[in-house]
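# Examination of the molecular architecture
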Amino acid sequence: MTEILISSVLIIAIAMLLLSVKVIFKKNGSFTSQHIHDSEAMRERGIHCVIDQDREQREKRQAVSEKSRTNQNT
């Protein structure tokens, strides 16, 4: 049982070390942003964050509902 615990802790420690190599050994090192809106390739493809997509869809629906409301009143 203790062998499993020790090996699990060792594996996790090695994984954490490997994940932080850039931060530890590079001067002013930091993790790169993982947000979609920070990726140039995603922006070129027109792919946005789900929050941005939701906001765009809500604005489109509101514009459509206002347009249909003005057409019904005439």
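Rules of the game
- Residues numbered from 1 in each chain as written.
- Predicted model: local features only at pLDDT ≥ 70, side-chain atom pairs only at ≥ 80, totals over all residues.
- Heavy atoms only, no water.
- Helix = DSSP H or I, 4+ residues; strand = E, 2+ residues; numbered from the N terminus.
- Buried < 20%, exposed > 50% of the residue type's maximum accessible area, 1.4 Å probe, protein only.
- Salt bridge = Lys/Arg side-chain N within 4 Å of Asp/Glu carboxyl O.
- Expected span 1.5 Å × (residues − 1).
- Patch = residues over 30% accessible without salt bridge, like charges linked within 9 Å, V, L, I, M, F, W, Y side chains within 5 Å.
- Areas by Shrake-Rupley, 256 points an atom, 1.4 Å probe, with all protein chains shown as cover.
- pLDDT = per-residue confidence, 0-100.

### A few points about the overall build of the protein
Looking only at helices and strands, the protein features four helices and zero strands. Mapped in sequence order, the helices and strands of the protein form the string α-α-α-α. Per-residue burial over the protein gives 1% buried out of 74 residues.

### Observations regarding the pattern of salt bridges
Scanning the model with the defined rule gives two salt bridges in all. The salt bridge involving Arg 55 is made with Asp 52; its shortest N-O contact spans 2.9 Å. Here Asp 52 and Arg 55 lie together in helix 4 (residues 50–73), a separation of three residues that amounts to about one turn. The closest approach of N and O atoms between Asp 54 and Arg 58, which form a salt bridge, is 2.9 Å. Within this pair, Asp 54 and its partner Arg 58 are both found in helix 4, separated by four residues, close to a single helical turn.

### Quick word on helix 1 (residues 2–19)
Between its terminal C-alpha atoms helix 1 stretches 26 Å, which fits the 26 Å expected from 18 residues at 1.5 Å a residue. Counting buried residues along helix 1, only zero of its 18 residues qualify, which leaves the element largely exposed.

### Here we look at a nonpolar patch on the surface
Among the surface-exposed residues, Leu 10, Ile 14, Leu 17, Leu 18, Val 21, Val 23, Ile 24, Phe 25 and Phe 31 lie close enough to one another that they form a single nonpolar patch of about 910 Å² accessible area. For Phe 31, the position within the fold is in the loop between helix 2 (21–25) and helix 3 (40–45). Using a relative accessible area of 61% as the deciding quantity, one classes Phe 31 as exposed.

### Structural notes on the confidence of the model for the protein
Looking at the protein, the pLDDT average stands at 81 and 84% of residues meet or exceed 70. Element-level mean pLDDT values for the protein span from 73 in helix 4 up to 94 in helix 1.

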